[in-house]
Amino acid sequence: MNYVGSQDFLEVISESLISNVDIDVVTRLYQPLIGHKASMLYLTLLNYVNYNEGELLIHDNLFRVMQISPGDFISARMALEAVGLMKTYLKNDDDVKNYIYILYAPKSPRDFFTDVLFKGLLVRYIGEKEATKLALHYQVNADLKDAKDVSANFVEVFQPNLDDDSFDAKMPTNLKDTKALKVDTDFSFEDFFTHLKTAMMIKEDAFSDEECSEIERIATLYGLDTITTCDIVAQSYDESKRKGSRLDFTAFKERAISQAKFSPIIRKNNENKRYIKISGKTALADEIRLMETLSPKLYLQEKQDGVPPVTADLNLLNYLNEVMGLNRSTINALISYSLKMCDNRLVRAYIEKVAATLKRAKINNALDAINFLNEKKEKPKKTYGKKKIDQPNIKKDDDSFDEAEYEKILASIDKENK
(Lines give C-alpha, C1' and ligand atoms only; values in the text may rest on other atoms or scores of the structure.)
Protein backbone atom coordinates (compact mmCIF):
# COMPACT_ATOMS: atom_id res chain seq x y z
CA MET A 1 0.00 0.00 0.00
CA ASN A 2 1.33 3.49 -0.90
CA TYR A 3 0.44 6.45 1.31
CA VAL A 4 -0.60 9.31 -0.90
CA GLY A 5 0.38 12.93 -0.26
CA SER A 6 -1.92 15.81 -1.10
CA GLN A 7 0.63 17.22 -3.56
CA ASP A 8 1.22 13.91 -5.36
CA PHE A 9 0.05 13.94 -8.96
CA LEU A 10 -2.72 11.74 -10.32
CA GLU A 11 -3.93 10.78 -13.76
CA VAL A 12 -7.15 8.88 -14.48
CA ILE A 13 -7.64 6.61 -17.48
CA SER A 14 -10.62 4.41 -18.37
CA GLU A 15 -9.65 1.01 -19.72
CA SER A 16 -13.28 0.03 -20.34
CA LEU A 17 -16.34 1.51 -21.97
CA ILE A 18 -18.50 2.39 -18.96
CA SER A 19 -22.20 3.00 -19.58
CA ASN A 20 -25.07 4.27 -17.47
CA VAL A 21 -26.04 0.63 -16.87
CA ASP A 22 -22.58 0.03 -15.40
CA ILE A 23 -23.03 3.00 -13.07
CA ASP A 24 -26.38 1.53 -11.98
CA VAL A 25 -24.66 -1.80 -11.24
CA VAL A 26 -21.97 -0.07 -9.17
CA THR A 27 -24.51 1.80 -7.04
CA ARG A 28 -26.95 -1.10 -6.64
CA LEU A 29 -24.71 -4.18 -6.44
CA TYR A 30 -21.18 -3.04 -5.62
CA GLN A 31 -22.00 -0.31 -3.10
CA PRO A 32 -23.21 -2.71 -0.38
CA LEU A 33 -19.81 -4.45 -0.68
CA ILE A 34 -17.43 -1.49 -0.91
CA GLY A 35 -19.38 1.27 0.84
CA HIS A 36 -20.53 4.71 -0.23
CA LYS A 37 -17.10 6.36 -0.09
CA ALA A 38 -15.55 3.89 -2.52
CA SER A 39 -18.59 4.11 -4.79
CA MET A 40 -18.39 7.91 -4.85
CA LEU A 41 -14.64 7.75 -5.49
CA TYR A 42 -15.31 5.56 -8.52
CA LEU A 43 -17.94 7.96 -9.86
CA THR A 44 -15.72 10.98 -9.18
CA LEU A 45 -12.74 9.44 -10.96
CA LEU A 46 -15.04 8.47 -13.84
CA ASN A 47 -16.07 12.12 -14.02
CA TYR A 48 -12.38 13.05 -14.23
CA VAL A 49 -12.08 10.71 -17.21
CA ASN A 50 -14.96 12.40 -19.01
CA TYR A 51 -13.60 15.91 -18.48
CA ASN A 52 -9.89 15.62 -17.65
CA GLU A 53 -8.60 12.37 -19.24
CA GLY A 54 -4.84 12.55 -19.70
CA GLU A 55 -4.52 15.68 -17.52
CA LEU A 56 -2.21 15.66 -14.49
CA LEU A 57 -3.93 16.80 -11.28
CA ILE A 58 -2.89 16.72 -7.63
CA HIS A 59 -4.61 14.67 -4.95
CA ASP A 60 -5.44 17.75 -2.91
CA ASN A 61 -7.96 18.67 -5.60
CA LEU A 62 -9.63 15.26 -5.29
CA PHE A 63 -9.62 15.39 -1.47
CA ARG A 64 -11.30 18.80 -1.51
CA VAL A 65 -13.89 17.84 -4.11
CA MET A 66 -14.91 14.74 -2.16
CA GLN A 67 -14.34 16.23 1.32
CA ILE A 68 -12.39 13.08 2.14
CA SER A 69 -9.32 12.47 4.32
CA PRO A 70 -6.17 10.76 2.97
CA GLY A 71 -6.88 7.73 5.14
CA ASP A 72 -10.44 7.37 3.88
CA PHE A 73 -9.17 7.80 0.31
CA ILE A 74 -6.69 4.93 0.75
CA SER A 75 -9.41 2.67 2.18
CA ALA A 76 -11.82 3.55 -0.63
CA ARG A 77 -9.17 3.02 -3.28
CA MET A 78 -8.23 -0.39 -1.87
CA ALA A 79 -11.91 -1.42 -1.90
CA LEU A 80 -12.18 -0.50 -5.60
CA GLU A 81 -8.98 -2.40 -6.36
CA ALA A 82 -10.18 -5.44 -4.42
CA VAL A 83 -13.39 -5.80 -6.47
CA GLY A 84 -11.67 -5.16 -9.82
CA LEU A 85 -13.06 -1.71 -10.53
CA MET A 86 -9.66 -0.04 -10.48
CA LYS A 87 -5.91 -0.62 -10.70
CA THR A 88 -3.26 1.74 -9.38
CA TYR A 89 0.17 2.35 -10.89
CA LEU A 90 2.95 4.57 -9.49
CA LYS A 91 5.67 6.42 -11.39
CA ASN A 92 8.53 7.92 -9.38
CA ASP A 93 10.48 10.71 -11.06
CA ASP A 94 13.10 11.93 -8.56
CA ASP A 95 10.95 13.24 -5.69
CA VAL A 96 7.78 13.56 -7.77
CA LYS A 97 5.13 10.85 -7.46
CA ASN A 98 2.59 10.33 -10.22
CA TYR A 99 -0.26 7.90 -9.55
CA ILE A 100 -2.11 6.49 -12.55
CA TYR A 101 -5.60 5.19 -11.80
CA ILE A 102 -7.07 2.81 -14.40
CA LEU A 103 -10.84 2.35 -14.22
CA TYR A 104 -12.65 -0.80 -15.34
CA ALA A 105 -16.29 -1.61 -15.96
CA PRO A 106 -18.12 -3.63 -13.31
CA LYS A 107 -19.30 -7.17 -13.86
CA SER A 108 -22.57 -7.59 -15.70
CA PRO A 109 -25.51 -8.50 -13.42
CA ARG A 110 -25.37 -12.08 -14.73
CA ASP A 111 -21.64 -12.40 -13.98
CA PHE A 112 -22.06 -10.72 -10.59
CA PHE A 113 -24.74 -13.12 -9.36
CA THR A 114 -23.00 -16.22 -10.73
CA ASP A 115 -19.74 -15.29 -8.99
CA VAL A 116 -19.80 -17.04 -5.61
CA LEU A 117 -17.65 -14.38 -3.94
CA PHE A 118 -19.66 -11.36 -5.05
CA LYS A 119 -23.03 -13.05 -4.59
CA GLY A 120 -22.02 -14.38 -1.18
CA LEU A 121 -20.79 -11.03 0.08
CA LEU A 122 -23.94 -9.27 -1.13
CA VAL A 123 -26.16 -11.79 0.69
CA ARG A 124 -23.98 -11.47 3.77
CA TYR A 125 -24.23 -7.67 3.88
CA ILE A 126 -27.87 -7.03 2.90
CA GLY A 127 -29.55 -10.41 3.42
CA GLU A 128 -30.85 -13.01 0.98
CA LYS A 129 -34.26 -11.38 0.58
CA GLU A 130 -32.88 -8.00 -0.52
CA ALA A 131 -30.22 -9.65 -2.71
CA THR A 132 -32.94 -11.64 -4.49
CA LYS A 133 -34.93 -8.46 -5.11
CA LEU A 134 -31.87 -6.87 -6.71
CA ALA A 135 -31.30 -9.93 -8.89
CA LEU A 136 -34.93 -9.86 -10.08
CA HIS A 137 -34.44 -6.21 -11.07
CA TYR A 138 -32.09 -7.42 -13.81
CA GLN A 139 -34.15 -10.48 -14.79
CA VAL A 140 -35.08 -11.00 -18.46
CA ASN A 141 -38.87 -11.03 -18.59
CA ALA A 142 -39.44 -12.01 -22.22
CA ASP A 143 -41.41 -15.26 -22.54
CA LEU A 144 -40.06 -17.01 -25.68
CA LYS A 145 -41.11 -20.55 -24.85
CA ASP A 146 -43.39 -21.05 -27.90
CA ALA A 147 -41.76 -18.45 -30.16
CA LYS A 148 -39.49 -19.11 -33.14
CA ASP A 149 -36.38 -17.03 -33.87
CA VAL A 150 -36.86 -15.56 -37.37
CA SER A 151 -34.12 -12.90 -37.12
CA ALA A 152 -31.87 -12.26 -40.11
CA ASN A 153 -28.21 -13.15 -39.70
CA PHE A 154 -25.14 -11.10 -40.63
CA VAL A 155 -24.17 -12.97 -43.81
CA GLU A 156 -27.75 -12.94 -45.09
CA VAL A 157 -27.88 -9.14 -44.95
CA PHE A 158 -24.31 -8.04 -45.80
CA GLN A 159 -23.03 -10.96 -47.93
CA PRO A 160 -19.37 -10.11 -47.20
CA ASN A 161 -16.62 -11.04 -49.69
CA LEU A 162 -13.80 -12.14 -47.44
CA ASP A 163 -11.33 -12.00 -50.34
CA ASP A 164 -11.72 -8.23 -50.43
CA ASP A 165 -8.58 -6.37 -49.22
CA SER A 166 -10.76 -4.38 -46.82
CA PHE A 167 -10.96 -7.38 -44.51
CA ASP A 168 -7.14 -7.49 -44.25
CA ALA A 169 -6.81 -3.87 -43.12
CA LYS A 170 -4.71 -3.48 -39.94
CA MET A 171 -6.28 -1.61 -37.04
CA PRO A 172 -5.07 -0.78 -33.50
CA THR A 173 -5.85 -3.55 -31.04
CA ASN A 174 -5.25 -1.83 -27.69
CA LEU A 175 -8.77 -0.43 -27.56
CA LYS A 176 -11.31 -0.06 -24.78
CA ASP A 177 -13.53 -3.02 -24.03
CA THR A 178 -16.68 -3.64 -22.02
CA LYS A 179 -15.20 -6.66 -20.26
CA ALA A 180 -14.75 -6.32 -16.49
CA LEU A 181 -11.38 -6.83 -14.84
CA LYS A 182 -10.83 -10.26 -13.26
CA VAL A 183 -10.65 -10.05 -9.47
CA ASP A 184 -7.45 -11.51 -8.05
CA THR A 185 -7.36 -13.52 -4.83
CA ASP A 186 -4.45 -15.07 -2.95
CA PHE A 187 -5.88 -18.54 -3.55
CA SER A 188 -4.02 -20.68 -6.10
CA PHE A 189 -5.79 -23.76 -7.46
CA GLU A 190 -2.53 -24.91 -9.03
CA ASP A 191 -0.82 -25.02 -5.62
CA PHE A 192 -3.99 -26.36 -4.02
CA PHE A 193 -4.29 -29.41 -6.25
CA THR A 194 -0.53 -30.02 -6.33
CA HIS A 195 -0.43 -30.21 -2.53
CA LEU A 196 -3.59 -32.33 -2.34
CA LYS A 197 -2.19 -34.83 -4.82
CA THR A 198 1.35 -35.13 -3.45
CA ALA A 199 0.67 -34.91 0.28
CA MET A 200 -2.83 -36.32 0.63
CA MET A 201 -3.37 -38.49 -2.47
CA ILE A 202 -6.50 -36.56 -3.48
CA LYS A 203 -6.84 -36.02 -7.23
CA GLU A 204 -7.97 -32.86 -8.98
CA ASP A 205 -11.12 -34.48 -10.40
CA ALA A 206 -12.33 -35.46 -6.93
CA PHE A 207 -14.31 -32.21 -6.62
CA SER A 208 -17.09 -30.69 -8.67
CA ASP A 209 -16.83 -27.16 -10.08
CA GLU A 210 -19.33 -25.98 -7.47
CA GLU A 211 -17.21 -27.45 -4.67
CA CYS A 212 -14.08 -25.79 -6.06
CA SER A 213 -15.84 -22.42 -6.20
CA GLU A 214 -17.06 -22.78 -2.63
CA ILE A 215 -13.59 -23.81 -1.42
CA GLU A 216 -12.10 -20.69 -3.00
CA ARG A 217 -14.86 -18.49 -1.58
CA ILE A 218 -14.41 -19.69 1.99
CA ALA A 219 -10.61 -19.54 1.79
CA THR A 220 -10.80 -15.98 0.50
CA LEU A 221 -13.38 -14.81 3.04
CA TYR A 222 -11.44 -16.13 6.02
CA GLY A 223 -7.99 -15.24 4.69
CA LEU A 224 -6.66 -18.81 4.58
CA ASP A 225 -3.51 -19.55 2.61
CA THR A 226 -3.55 -22.35 0.03
CA ILE A 227 -1.70 -24.96 2.11
CA THR A 228 -3.84 -24.37 5.19
CA THR A 229 -6.95 -24.71 3.03
CA CYS A 230 -5.65 -28.05 1.74
CA ASP A 231 -5.20 -29.35 5.27
CA ILE A 232 -8.72 -28.31 6.29
CA VAL A 233 -10.23 -29.79 3.13
CA ALA A 234 -8.48 -33.11 3.78
CA GLN A 235 -9.94 -33.23 7.31
CA SER A 236 -13.45 -32.66 5.91
CA TYR A 237 -13.17 -35.00 2.90
CA ASP A 238 -14.89 -38.39 2.56
CA GLU A 239 -13.76 -40.33 -0.52
CA SER A 240 -16.48 -42.97 -0.11
CA LYS A 241 -19.21 -40.50 -1.10
CA ARG A 242 -20.17 -39.58 -4.66
CA LYS A 243 -18.54 -36.68 -6.44
CA GLY A 244 -20.17 -33.42 -5.45
CA SER A 245 -20.86 -34.61 -1.88
CA ARG A 246 -17.42 -35.67 -0.70
CA LEU A 247 -16.65 -32.44 1.15
CA ASP A 248 -18.54 -31.79 4.38
CA PHE A 249 -18.92 -28.05 4.04
CA THR A 250 -20.34 -27.63 7.53
CA ALA A 251 -17.20 -29.13 9.04
CA PHE A 252 -15.03 -27.30 6.51
CA LYS A 253 -16.51 -23.90 7.44
CA GLU A 254 -16.19 -24.57 11.17
CA ARG A 255 -12.53 -25.51 10.79
CA ALA A 256 -11.93 -22.50 8.53
CA ILE A 257 -13.43 -20.12 11.12
CA SER A 258 -11.44 -21.76 13.89
CA GLN A 259 -8.23 -21.50 11.88
CA ALA A 260 -8.90 -17.84 11.06
CA LYS A 261 -9.60 -17.09 14.70
CA PHE A 262 -6.78 -18.97 16.38
CA SER A 263 -3.98 -19.36 13.83
CA PRO A 264 -0.62 -17.91 14.91
CA ILE A 265 1.43 -15.39 12.97
CA ILE A 266 3.43 -17.30 10.32
CA ARG A 267 7.16 -16.70 10.60
CA LYS A 268 9.93 -17.51 8.16
CA ASN A 269 13.11 -19.28 9.27
CA ASN A 270 12.25 -18.41 12.89
CA GLU A 271 12.95 -14.75 12.17
CA ASN A 272 10.62 -11.83 12.88
CA LYS A 273 9.68 -11.50 9.21
CA ARG A 274 6.03 -11.61 8.21
CA TYR A 275 4.50 -12.88 5.01
CA ILE A 276 3.03 -9.46 4.31
CA LYS A 277 3.65 -7.46 1.15
CA ILE A 278 4.45 -3.82 1.86
CA SER A 279 5.24 -1.03 -0.55
CA GLY A 280 6.21 1.70 1.91
CA LYS A 281 9.81 1.89 3.14
CA THR A 282 9.28 3.52 6.53
CA ALA A 283 8.57 1.87 9.86
CA LEU A 284 5.26 3.72 10.02
CA ALA A 285 4.24 2.37 6.61
CA ASP A 286 5.11 -1.16 7.79
CA GLU A 287 3.10 -0.72 10.97
CA ILE A 288 0.03 0.69 9.22
CA ARG A 289 0.20 -2.13 6.68
CA LEU A 290 0.18 -4.57 9.59
CA MET A 291 -2.82 -2.82 11.16
CA GLU A 292 -4.76 -2.98 7.89
CA THR A 293 -3.85 -6.62 7.26
CA LEU A 294 -4.26 -8.45 10.57
CA SER A 295 -7.31 -9.02 12.72
CA PRO A 296 -7.12 -7.36 16.17
CA LYS A 297 -6.58 -10.76 17.74
CA LEU A 298 -3.60 -11.54 15.52
CA TYR A 299 -2.28 -7.98 15.75
CA LEU A 300 -2.25 -8.16 19.56
CA GLN A 301 -0.71 -11.62 19.36
CA GLU A 302 2.04 -10.19 17.17
CA LYS A 303 2.63 -7.43 19.73
CA GLN A 304 3.02 -10.17 22.36
CA ASP A 305 5.70 -12.04 20.37
CA GLY A 306 3.27 -14.74 19.27
CA VAL A 307 1.61 -15.33 22.65
CA PRO A 308 -2.19 -15.61 22.19
CA PRO A 309 -4.27 -12.94 23.98
CA VAL A 310 -5.96 -13.87 27.24
CA THR A 311 -9.74 -14.13 27.44
CA ALA A 312 -10.16 -10.69 29.04
CA ASP A 313 -8.28 -9.04 26.17
CA LEU A 314 -10.31 -10.95 23.58
CA ASN A 315 -13.51 -9.79 25.27
CA LEU A 316 -12.24 -6.21 25.09
CA LEU A 317 -11.51 -6.56 21.37
CA ASN A 318 -14.99 -7.95 20.80
CA TYR A 319 -16.48 -5.04 22.74
CA LEU A 320 -14.61 -2.47 20.63
CA ASN A 321 -15.93 -4.09 17.46
CA GLU A 322 -19.46 -5.13 18.41
CA VAL A 323 -20.49 -2.37 20.82
CA MET A 324 -18.30 0.59 19.84
CA GLY A 325 -18.51 -0.27 16.14
CA LEU A 326 -14.79 0.26 15.39
CA ASN A 327 -13.36 -1.62 12.44
CA ARG A 328 -10.29 -3.81 12.76
CA SER A 329 -7.67 -1.32 11.52
CA THR A 330 -8.91 1.39 13.92
CA ILE A 331 -8.93 -1.13 16.78
CA ASN A 332 -5.36 -2.10 15.93
CA ALA A 333 -4.27 1.56 15.97
CA LEU A 334 -5.99 1.95 19.35
CA ILE A 335 -4.21 -1.15 20.67
CA SER A 336 -0.83 0.19 19.55
CA TYR A 337 -1.51 3.61 21.08
CA SER A 338 -2.76 2.19 24.37
CA LEU A 339 0.20 -0.16 24.78
CA LYS A 340 2.55 2.75 24.19
CA MET A 341 0.77 5.06 26.63
CA CYS A 342 0.04 2.51 29.38
CA ASP A 343 3.33 0.67 29.89
CA ASN A 344 2.35 -2.20 27.55
CA ARG A 345 -0.92 -2.81 29.38
CA LEU A 346 -4.44 -2.89 28.00
CA VAL A 347 -6.31 -0.81 30.59
CA ARG A 348 -9.96 -1.25 29.72
CA ALA A 349 -11.32 2.01 31.18
CA TYR A 350 -8.65 4.00 29.34
CA ILE A 351 -9.25 2.19 26.05
CA GLU A 352 -13.03 2.59 26.24
CA LYS A 353 -12.63 6.33 26.75
CA VAL A 354 -10.24 6.73 23.81
CA ALA A 355 -12.50 4.50 21.69
CA ALA A 356 -15.45 6.79 22.40
CA THR A 357 -13.33 9.77 21.32
CA LEU A 358 -12.41 8.04 18.06
CA LYS A 359 -16.06 7.16 17.48
CA ARG A 360 -17.20 10.76 17.95
CA ALA A 361 -14.46 11.92 15.59
CA LYS A 362 -15.75 9.41 12.99
CA ILE A 363 -12.33 7.78 12.59
CA ASN A 364 -12.54 4.51 10.63
CA ASN A 365 -9.02 3.62 9.46
CA ALA A 366 -5.55 3.17 10.95
CA LEU A 367 -3.88 6.11 9.22
CA ASP A 368 -6.45 8.67 10.38
CA ALA A 369 -6.51 7.11 13.87
CA ILE A 370 -2.74 7.45 14.26
CA ASN A 371 -2.76 11.04 13.05
CA PHE A 372 -5.71 11.93 15.28
CA LEU A 373 -4.26 10.34 18.44
CA ASN A 374 -0.81 11.84 17.88
CA GLU A 375 -2.34 15.30 17.48
CA LYS A 376 -4.28 14.93 20.74
CA LYS A 377 -1.38 13.41 22.72
CA GLU A 378 -0.07 15.63 25.52
CA LYS A 379 3.40 15.72 27.02
CA PRO A 380 4.57 12.59 28.90
CA LYS A 381 3.68 13.97 32.33
CA LYS A 382 -0.03 13.84 31.43
CA THR A 383 -0.12 10.33 29.98
CA TYR A 384 -0.51 6.98 31.64
CA GLY A 385 2.73 5.04 31.67
CA LYS A 386 4.80 8.23 31.74
CA LYS A 387 3.33 9.41 35.02
CA LYS A 388 3.49 7.18 38.05
CA ILE A 389 0.13 6.14 39.44
CA ASP A 390 -0.18 4.92 43.01
CA GLN A 391 -0.78 1.20 43.25
CA PRO A 392 -4.03 1.52 45.29
CA ASN A 393 -5.69 3.16 42.28
CA ILE A 394 -5.17 0.02 40.16
CA LYS A 395 -7.92 -2.56 40.39
CA LYS A 396 -6.27 -5.86 39.61
CA ASP A 397 -9.46 -7.81 39.14
CA ASP A 398 -10.60 -6.01 35.99
CA ASP A 399 -7.38 -4.24 34.92
CA SER A 400 -9.01 -0.79 35.30
CA PHE A 401 -7.99 2.22 37.35
CA ASP A 402 -9.52 5.05 39.33
CA GLU A 403 -12.15 7.07 37.48
CA ALA A 404 -10.75 10.44 38.61
CA GLU A 405 -7.26 9.41 37.53
CA TYR A 406 -8.23 8.39 34.03
CA GLU A 407 -10.28 11.56 33.61
CA LYS A 408 -7.06 13.49 34.16
CA ILE A 409 -5.19 11.26 31.77
CA LEU A 410 -7.73 11.66 28.97
CA ALA A 411 -8.57 15.32 29.52
CA SER A 412 -6.40 16.47 26.63
CA ILE A 413 -7.65 13.78 24.25
CA ASP A 414 -11.32 14.30 25.02
CA LYS A 415 -11.39 18.06 25.48
CA GLU A 416 -12.31 19.06 21.94
CA ASN A 417 -14.92 16.34 21.48
CA LYS A 418 -17.11 16.79 24.55
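Details of the structure are given in the entry above.
Everything in this summary refers to the structure shown in the same document. Source: prediction; values computed, not measured.

**Quick notes on the overall build of the protein chain**
Part 1 of the reasoning: Looking only at helices and strands, the protein chain features 19 helices and 8 strands.
Part 2 of the reasoning: For the protein chain, contacts bridging at least 24 residues in sequence account for 69% of all contacts bridging at least 6.
Part 3 of the reasoning: Total accessible area computed for the protein chain in this model is approximately 25400 Å², and 49% of it derives from carbon and sulfur atoms.

**Description of the pairing of strand S4 (residues 96–103)**
Part 1 of the reasoning: Of all 8 residues making up S4, 6 are buried, and the element is well covered by its neighbours.
Part 2 of the reasoning: Examined bridge by bridge, strand S3 (residues 86–93) and S4 share 8 bridges and lie antiparallel to one another. Its bridge partner lying in S4, Thr88 is registered against Tyr101.
Part 3 of the reasoning: In sequence, S3 turns back onto S4 through a hairpin of 2 residues, with Asp94 there showing a positive phi of about 60°.

**Quick look at unusual backbone geometry**
Part 1 of the reasoning: In the Ramachandran plot, Asp343 falls in the positive-phi region, its phi being about 55° despite a non-glycine side chain.
Part 2 of the reasoning: Structurally, Asp343 is set in the loop between helix H15 (328–341) and helix H16 (348–360).
Part 3 of the reasoning: If you check the backbone angles, Asn344 has positive phi at about 60° while not being a glycine.
Part 4 of the reasoning: On the secondary structure map, Asn344 appears in the loop between H15 and H16.

**Structural notes on a nonpolar patch on the surface**
Part 1 of the reasoning: Side chains of Phe9, Leu56 and Val96 sit close together on the surface and give an oily, nonpolar patch of about 240 Å² of accessible area.
Part 2 of the reasoning: As for its placement among the helices and strands, Leu56 is situated in the loop between helix H1 (20–52) and strand S2 (57–58).

**Some points on the packing of aromatic side chains**
Part 1 of the reasoning: By the definition in use, this model includes 9 aromatic pairs.
Part 2 of the reasoning: A centroid spacing of 5.4 Å and a plane angle of 65° characterise the contact between Phe63 and Phe73, whose relative ring orientation is edge-to-face. Placement of Phe63 in helix H2 (residues 59–66) and of Phe73 in helix H3 (residues 70–82) is noted, with a sequence separation of 10 residues between them. For the pair formed by Phe63 and Phe73, the shared burial category is buried.
Part 3 of the reasoning: Taken together, a centroid distance of 6.2 Å and an interplanar angle of 20° make the contact between Tyr99 and Tyr101 stacked. A single burial state applies to Tyr99 and to Tyr101, both of which are buried.
Part 4 of the reasoning: Among the aromatic side chains, those forming a connected cluster through ring pairs are Tyr30, Phe112, Phe113 and Phe118.
Part 5 of the reasoning: When the ring centre of Tyr319 is taken as origin, the NZ or CZ atom of Arg348, which lies over that ring, is 4.9 Å away.

**A few points about the nonpolar core**
Part 1 of the reasoning: Among the nonpolar cores identified, the biggest contains 39 residues, and Tyr30, Ile34 and Phe73 are the most heavily contacted of them.
Part 2 of the reasoning: Secondary-structure elements contributing two or more residues to this core are strand S1 (9–14), H1, H2, H3, S4, helix H4 (109–114), helix H5 (116–126) and helix H6 (128–137).
Part 3 of the reasoning: Sorting elements by how many residues they give to this core places H1 first, with 13 residues.
Part 4 of the reasoning: If near-sequence neighbours (up to four positions away) are discounted, Phe73 is found in contact with Val4, Leu41, His59, Leu62, Phe63, Ile68 and Tyr101.
Part 5 of the reasoning: With 34 residues, the next largest nonpolar core counts Leu294, Tyr337, Ile363 and Phe372 among its residues.

**Considering the environment of Ile68**
Part 1 of the reasoning: Mapping Ile68 onto the fold places it in the loop between H2 and H3.
Part 2 of the reasoning: Each C-alpha atom of the pair Ile68 and Leu41 lies 9.6 Å from the other, and the pair is 27 residues apart in sequence.
Part 3 of the reasoning: Residues within four places of Ile68 in sequence aside, it is in contact with Leu62, Phe63 and Phe73.

**Structural notes on the environment of Pro32**
Part 1 of the reasoning: For Pro32, the location among the structural elements is in helix H1.
Part 2 of the reasoning: Assessed through its relative accessible area of 27%, Pro32 is described here as partly exposed.
Part 3 of the reasoning: Residues contacting Pro32, with those up to four places away along its chain left out, are Thr27, Leu122, Tyr125 and Ile126.

**Some thoughts on the sheet that holds S2**
Part 1 of the reasoning: Pairing is mixed across the open sheet formed by 4 strands, whose spatial order is S2-S1-S4-S3. Of all strands in the sheet, those with a lone pairing partner are S2 and S3, marking the two edges.
Part 2 of the reasoning: Sheet topology note: the S1/S4 ladder contains 6 bridges and is parallel. Within S4, the position partnered with Val12 by the bridge is Tyr101.
Part 3 of the reasoning: Where H3 meets the sheet, its contacts fall on S3 and S4, and the angle it forms with S3 comes to roughly 125°.

**Examining the pattern of salt bridges**
Part 1 of the reasoning: Following the criterion strictly, the structure yields 8 salt bridges and no others.
Part 2 of the reasoning: One salt bridge in this structure joins Asp60 and Arg64, with 2.7 Å as the shortest N-O distance. Of the two residues, Asp60 and Arg64 are both situated in helix H2; the distance of 4 residues between them amounts to about one turn of the helix.
Part 3 of the reasoning: Owing to a relative accessible area of 60%, Arg64 belongs among the exposed residues under this scheme.

**What to know about the packing of helix H13 (residues 296–303) against H15**
Part 1 of the reasoning: Put simply, H13 and H15 touch, their axes get as near as 9 Å, and they point 25° apart. Viewed along their axes, H13 and H15 adopt a mutual orientation that is roughly parallel. With respect to the hand of their crossing, H13 and H15 are arranged in right-handed fashion. On H15, the residues that touch Pro296, Tyr299, Leu300 and Lys303 of H13 are Arg328, Ile331, Asn332, Ile335, Ser336 and Leu339.

**So, H5**
Part 1 of the reasoning: Within the span of H5, buried status applies to Leu117, Phe118 and Leu122. End-on view of H5: buried residues confined to an arc of 125°, all on one side of the axis.
Part 2 of the reasoning: Sitting at the amino-terminal end of H5 is Asp115, which places a side-chain oxygen 2.9 Å from the backbone nitrogen of Leu117.
Part 3 of the reasoning: Backbone geometry just after H5 places Gly127 at a positive phi near 95°.

Rules behind the numbers
Residues numbered from 1 in each chain as written. Predicted model: local features only at pLDDT ≥ 70, side-chain atom pairs only at ≥ 80, totals over all residues. Heavy atoms only, no water. Helix = DSSP H or I, 4+ residues; strand = E, 2+ residues; numbered from the N terminus. Contact = heavy atoms within 4.5 Å. Areas by Shrake-Rupley, 256 points an atom, 1.4 Å probe, with all protein chains shown as cover. Buried < 20%, exposed > 50% of the residue type's maximum accessible area, 1.4 Å probe, protein only. Pairing = 2+ DSSP bridges. Patch = residues over 30% accessible without salt bridge, like charges linked within 9 Å, V, L, I, M, F, W, Y side chains within 5 Å. Salt bridge = Lys/Arg side-chain N within 4 Å of Asp/Glu carboxyl O. Phe/Tyr/Trp six-rings, centres within 6.5 Å; stacked < 30°, edge-to-face > 60°. Lys NZ or Arg CZ within 6 Å of the ring centre and 35° of its normal. Core = buried A, V, L, I, M, F, W, Y, C linked by side-chain atoms within 4.5 Å. Axes fitted to C-alpha atoms, helices over the stretch in contact; angles between N-to-C directions. Parallel < 35°, antiparallel > 145°, perpendicular 65-115°, else oblique. Left-handed = near helix turned anticlockwise from the far one by under 90°. Arc of directions from axis to C-beta. Polar contact = N/O pair within 3.5 Å; in protein donor to acceptor, adjacent residues only side chain to side chain.

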